[in-house]
Amino acid sequence: MREPERRGPRPASVPVSETAAVVLDGAGVVVARSQSAATLLECSPGQICAPLLGLLARAGTEVGPAGRLVTVSGGDVPGGDHAGRKVPLVCTVVRLAARTPADSDAEPQWLVLVTPTETAVEAAERDARRRRMVLSRAAAAGIGASLDVIELAETLVNLLVPDFADLATVDIAEPVLVGDEPPHLDTSGDVRLRRTAAAQSPEISAEDLLAVGEALPPVRDSTLMRPLMKGLPVVVPDVSILHAKLGVDPESLPLFVPRGAHSSVAVPLYGRGLILGCVTVWRSRPASAFGEEDAVLLQDVVSRAALGVDNARRYTKEHQSALALQRSLLPRSALDCAAVETVGVYRPASGGMGVGGDWFDVIPLPSLRVAFVVGDVVGHGLEATAAMARLRTAVQALADLDLDPGELLTHLDDLVLGFSSEQMTGESRAEPAVLGATCLYAVYDPVAGQCVAATAGHPPPALLPPGDEPAFVGLVPGPPLGIGGMPFEVTEFDVRPGSMLAFFTDGLVESRGGDIGEGMDRLRSALAGANPSLALGEISQDIFDRVLPREPSDDVALLLARTRVLSSDQVAEWELDPDLSLVAHARELVTDRLSDWDLDELGFATELVVSELVTNAIRYAGGPVGLRLIRDRVLVCEVSDPSSTQPRLRRARETDEGGRGLFLVAQLSDRWGCRFTSTGKTIWTEQPIGGTLG
């Protein structure tokens, strides 16, 4: 194995395609000639040009007007001297017309155009140059168009085979394949490569060659391998050199050298002093062996590929970082609680679009209710992911306030406008993506079997009742986030037990050049064909397979929820008149129901909680007062009244006669809170069943 030699420019000679011109008089004397004619013909001005003299007599016998062309080829003309060797000539003779009427009787003159023909060797050289030029142009146009390392490697081997080589392989450093930067290495024995792409023509056998996807065995350092470590190509004019000096054991040699190959060139994918990989090409007989010009051309092509591989590596690193960040910000994919069973799936876009800002969320709410959130942030990349994180955090904070969907989206819209003002003042660089973001917020109540939802420019969910056809919920569409000043209408709809809700982003139903209506029809058909006995994870995969194209142009978030309804023996509710004497009756009702549920251990604490909350409701809000107990994994106690006053927890002073009620409730409960309704407010508490207070 040796490095290609660097040669100087070739000696100047007449190109084979250049045509020489000679002007002769009737006697064959040279009147004028072009400079190239001196190389092809030994004829000087004023002398008879013997090689062309016979052509004049033949041309003079031609009948026709002046200017008639006569072409004579090959053996009729003695060979000219071209670049130091005799070559056959092709001559074209034309009689020159008289310049003036007075010259019409003058002796005629002849223009002879002399063109050397190509030999077989010259034709082969010209064809080789043409193929090199085509390869160079194809490499410039095709390499680097992809941001996927494997796709780029496959493009490269397909360019090289079969026009340039009979077999081509691309081996990529293992750190590069996962987006990492390879370490600086000095010896070939430390390089770890993996076969990434290969292409071959039928003329060469590669059955024993290392397969794509497998790791290359280490090759010890040697004088033959050191040029590669410096970024230089190596030419192997005879593969017997590899058999003798490659430095691998005979059993491993067939993994490196294909049978039937007689010459090879190896060029490293070299960038910024790092070995990113190696490209190796092979030729088999009867093709000519690789030469220095081939090595130079391949080095030019591979240098383009090295730049593309490094760019693809950087993109892979950023893509994986953004994807890891995106998935770390999403909730766990599966959730199973009293109200629903859910599965959420996120799939990034393909084709170099990168990770986007689609997200979903499932937020447990008080009274065993569940909030479903799905949203879409404009754009792709880390900025879109960061914007998504801010929106998701804001939704979680607002959901903790137990707002209705329309009010929550209104507050979220105000926050987005605040993000926009940060960007306008230059205080934030990553928030333009939140403008125009869409969001859908829905709350499901397993006690009532109802769902309320509102949307900010987001597609409506699909509802599949058991044994029925799927349909999209008729939500009143609201504007995207960041518009401001527009209300978000709340829609309430019944959900039967065992129904499936499908929340999704527009990437599932919308594609470039396609109609969103057609996409929603495909989704409806996929839901209609879903097997209800399958797990939600399998159903979501089946929906992706049926609805999404093979390479989606946008990222997609899909959230499936299978609803449940609490049975009547899990809920107890009463309505009390605004009479303080009924507080004792309320305690009795609660104690009896807890005894029926075998929850006597919670009786004392629940009596105190109910007594305090019912007393406050009657004293400060009037009536009627609602009292409800819900039993599942926790015991929920709710007291409702017509007042819209927000109760506040405070620490009473020693001299205060009151103000200790909510403090007592907070100490006896695991959690407590207040939510407002259309008729007033509801104060709720949660106590763990079979455990201690947290």
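Residues numbered from 1 in each chain as written. Predicted model: local features only at pLDDT ≥ 70, side-chain atom pairs only at ≥ 80, totals over all residues. Heavy atoms only, no water.

Considering the overall build of the protein chain
So, step 1. Counting its secondary structure elements, the protein chain contains 16 helices and 29 strands.
So, step 2. When each of the 694 residues of the protein chain is scored for burial, the buried share is 47%.
So, step 3. By sequence separation, contacts in the protein chain at least 24 residues apart represent 66% of the contacts at least 6 residues apart.
So, step 4. For the protein chain, the accessible area works out to roughly 33300 Å², and carbon and sulfur atoms hold 52% of it. (Helix = DSSP H or I, 4+ residues; strand = E, 2+ residues; numbered from the N terminus. Buried < 20%, exposed > 50% of the residue type's maximum accessible area, 1.4 Å probe, protein only. Contact = heavy atoms within 4.5 Å. Areas by Shrake-Rupley, 256 points an atom, 1.4 Å probe, with all protein chains shown as cover.)

Details of the sheet that holds strand β28 (residues 671-677)
Whether parallel or antiparallel, the strands of a sheet pair through hydrogen bonds between backbone atoms.
So, step 1. Strands sit in the order β25-β26-β27-β29-β28 across an open sheet of five strands; the sheet is antiparallel. On the outer flanks of this sheet lie β25 (571-576) and β28, each paired with one strand and no other. Within this sheet the neighbouring strands show an average axis-to-axis angle of 15°, counted without direction.
So, step 2. Across six bridges, the pairing between strand β26 (residues 625-631) and strand β27 (residues 634-641) is antiparallel. (Pairing = 2+ DSSP bridges. Axes fitted to C-alpha atoms, helices over the stretch in contact; angles between N-to-C directions.)

What about the environment of Thr117?
So, step 1. Within the secondary structure layout, Thr117 lies in the loop between β7 (109-116) and α3 (120-142).
So, step 2. Separated by 28 residues in the primary sequence, Thr117 and Leu89 have C-alpha atoms spaced 5.7 Å apart.

Structural notes on the side chain of Asp555
So, step 1. With respect to the secondary-structure elements, Asp555 resides in the loop between α13 (536-547) and β24 (556-563).
So, step 2. A relative accessible area of 1% means that Asp555 is categorised as buried.
So, step 3. A polar atom in the side chain of Asp555 sits 3.0 Å from the side chain of Tyr346.
So, step 4. Polar contacts involving the side chain of Asp555 include one to the main-chain amide nitrogen of Asp358, which spans 3.4 Å.
So, step 5. In this structure, Asp555 is in contact with Tyr346, Arg347, Pro348, Ala349, Gly356, Gly357, Asp358, His380, Thr505 and Gly507, ignoring residues within four places of it in sequence. (Polar contact = N/O pair within 3.5 Å; in protein donor to acceptor, adjacent residues only side chain to side chain.)

Quick notes on the pairing of β7
So, step 1. Here β7 shows a buried face lined by Trp110, Val112, Val114 and Pro116 and an unburied face lined by Gln109, Leu111, Leu113 and Thr115.
So, step 2. Of the pairings in the sheet, the one linking strand β1 (residues 20-25) to β7 comprises six bridges and is antiparallel in character. Within β7, the position partnered with Leu24 by the bridge is Trp110.
So, step 3. Where strand β6 (residues 89-95) and β7 come together, seven bridges link them in antiparallel fashion.

Some remarks on the side chain of Glu638
So, step 1. Along the chain, Glu638 turns up in strand β27.
So, step 2. The buried category is assigned to Glu638, whose relative accessible area is 3%.
So, step 3. Reaching out from Glu638, the side chain makes a polar contact with the side chain of Arg628 at a distance of 2.8 Å.
So, step 4. In this structure the side chain of Glu638 is engaged in a polar contact, spanning 3.1 Å, whose partner is the side chain of Arg675.
So, step 5. Leave out the neighbours within four places in its chain, and Glu638 touches Ser367, Gly626, Leu627, Arg628, Ile630, Arg675, Thr682, Ile683 and Trp684.

A closer look at the state of the cysteines
So, step 1. Under the defined criterion, the tally for this structure stands at one disulfide.
So, step 2. The thiol sulfur of Cys91 is not disulfide-bonded, and the nearest other cysteine sulfur, from Cys49, lies at 8.8 Å. (Disulfide = S-S within 2.5 Å.)

Quick notes on a nonpolar patch on the surface
So, step 1. Together, Phe604, Leu608 and Leu664 line one region of the surface with nonpolar side chains, adding up to about 280 Å² of accessible area.
So, step 2. Assignment of secondary structure puts Phe604 in helix α15 (residues 603-620). (Patch = residues over 30% accessible without salt bridge, like charges linked within 9 Å, V, L, I, M, F, W, Y side chains within 5 Å. Salt bridge = Lys/Arg side-chain N within 4 Å of Asp/Glu carboxyl O.)

Observations regarding the packing of aromatic side chains
For any pair of aromatic rings, the description consists of the separation of the ring centres together with the inter-plane angle of the planes.
So, step 1. In this structure the tally under the stated criterion is three aromatic pairs.
So, step 2. Arranged with centres 5.6 Å apart and planes meeting at 40°, the rings of Phe164 and Phe290 form a pair that is tilted. A residue pair is termed long-range when its members are at least 10 positions apart, and Phe164 in the loop between α4 (149-160) and β8 (167-173) and Phe290 in the loop between β12 (274-284) and α9 (292-329) qualify at 126 residues. Pair check on accessibility: Phe164 and Phe290 agree, each one buried. (Phe/Tyr/Trp six-rings, centres within 6.5 Å; stacked < 30°, edge-to-face > 60°.)

A look at the pattern of salt bridges
So, step 1. This structure, assessed with the given rule, holds 24 salt bridges.
So, step 2. For Asp402, the salt bridge is made with Arg369, and the minimal N-O distance between the two is 2.7 Å. Residue Asp402 is located in the loop between α10 (382-400) and α11 (405-424), and its partner Arg369 is located in the loop between β15 (359-364) and β16 (370-376); the two are separated by 33 residues in the primary sequence. Each member of the pair, Asp402 as well as Arg369, carries the same accessibility label: buried.
So, step 3. Between Arg671 and Glu686 there is a salt bridge whose closest N-O contact spans 3.1 Å. Pair noted here: Arg671 is in strand β28 and Glu686 is in strand β29 (residues 680-688), with a separation of 15 residues, a long-range link.
So, step 4. Judged by its relative accessible area of 36%, Arg671 falls in the partly exposed class.
So, step 5. Its relative accessible area of 9% is what places Glu686 among the buried residues.

Brief notes about α15
So, step 1. The terminal C-alpha atoms of α15 lie 26 Å apart, and with 18 residues this matches the ideal 26 Å at 1.5 Å per residue to within 8%.
So, step 2. Those residues of α15 that sit buried are Gly603, Ala605, Thr606, Val609, Val610, Ser611, Leu613, Val614, Thr615, Ala617 and Ile618.
So, step 3. Buried residues along α15 sit in contact with β25, α14 (583-596), β26, β27, α16 (661-668) and β29.
So, step 4. Count one or two residues on from α15 and you reach Gly622, which has phi positive near 85°. (Expected span 1.5 Å × (residues − 1).)

Points about the packing of α14 against α15
So, step 1. It is at 9 Å that the axes of α14 and α15 come closest, and there the two elements cross at 145°. The interaxial crossing formed by α14 with α15 has right-handed handedness. In this structure, α14 contributes Val583, Ala586, Arg587, Val590, Thr591 and Leu594 to the contact, and α15 contributes Gly603, Thr606, Glu607, Val610, Ser611, Val614, Thr615 and Ile618.
So, step 2. In the contact of α14 with α15, the residues fall into seven nonpolar, five polar and two charged. (Left-handed = near helix turned anticlockwise from the far one by under 90°. Nonpolar A, V, L, I, M, F, W, Y, C, P; charged D, E, K, R; others polar.)

Notes on the confidence of the model for the protein chain
So, step 1. In the predicted model, the protein chain carries a mean pLDDT of 82, and the fraction of residues at 70 or more is 85%.
So, step 2. Predicted confidence is poor over residues 1-17, with pLDDT under 50, and the contacts of this stretch with residues over four places away or in other chains come to 30 contacts. (pLDDT = per-residue confidence, 0-100.)

Notes on the packing of α15 against α16
So, step 1. At a closest axis distance of 10 Å, the pairing of α15 and α16 adopts a crossing angle of 150°. Overall, the two elements α15 and α16 adopt an arrangement that is roughly antiparallel. Helix-helix and strand crossings are classified by hand; for α15 and α16 the assignment is left-handed. In this structure, α15 contributes Ala605, Leu608, Val609, Glu612 and Leu613 to the contact, and α16 contributes Gly661, Leu662, Val665 and Leu668.
So, step 2. When its residues are assigned to classes, the contact of α15 with α16 shows seven nonpolar, one polar and one charged. (Parallel < 35°, antiparallel > 145°, perpendicular 65-115°, else oblique.)

A closer look at the sheet that holds strand β23 (residues 500-504)
So, step 1. Taking strand neighbours across the sheet as the criterion, the six strands line up as β13-β14-β24-β23-β19-β20 in an open arrangement whose pairing is antiparallel. The open sheet has two free edges, formed respectively by β13 (334-336) and β20 (471-472), since each of these has just one partner strand.
So, step 2. Sheet topology note: the strand β19 (residues 462-464)/β20 ladder contains two bridges and is antiparallel. Within β20, the residue paired with Ala462 across the bridge is Phe472.
So, step 3. Across the sheet, α13 touches β14 (340-347), β23 and β24, and the angle it forms with β24 is around 140°.

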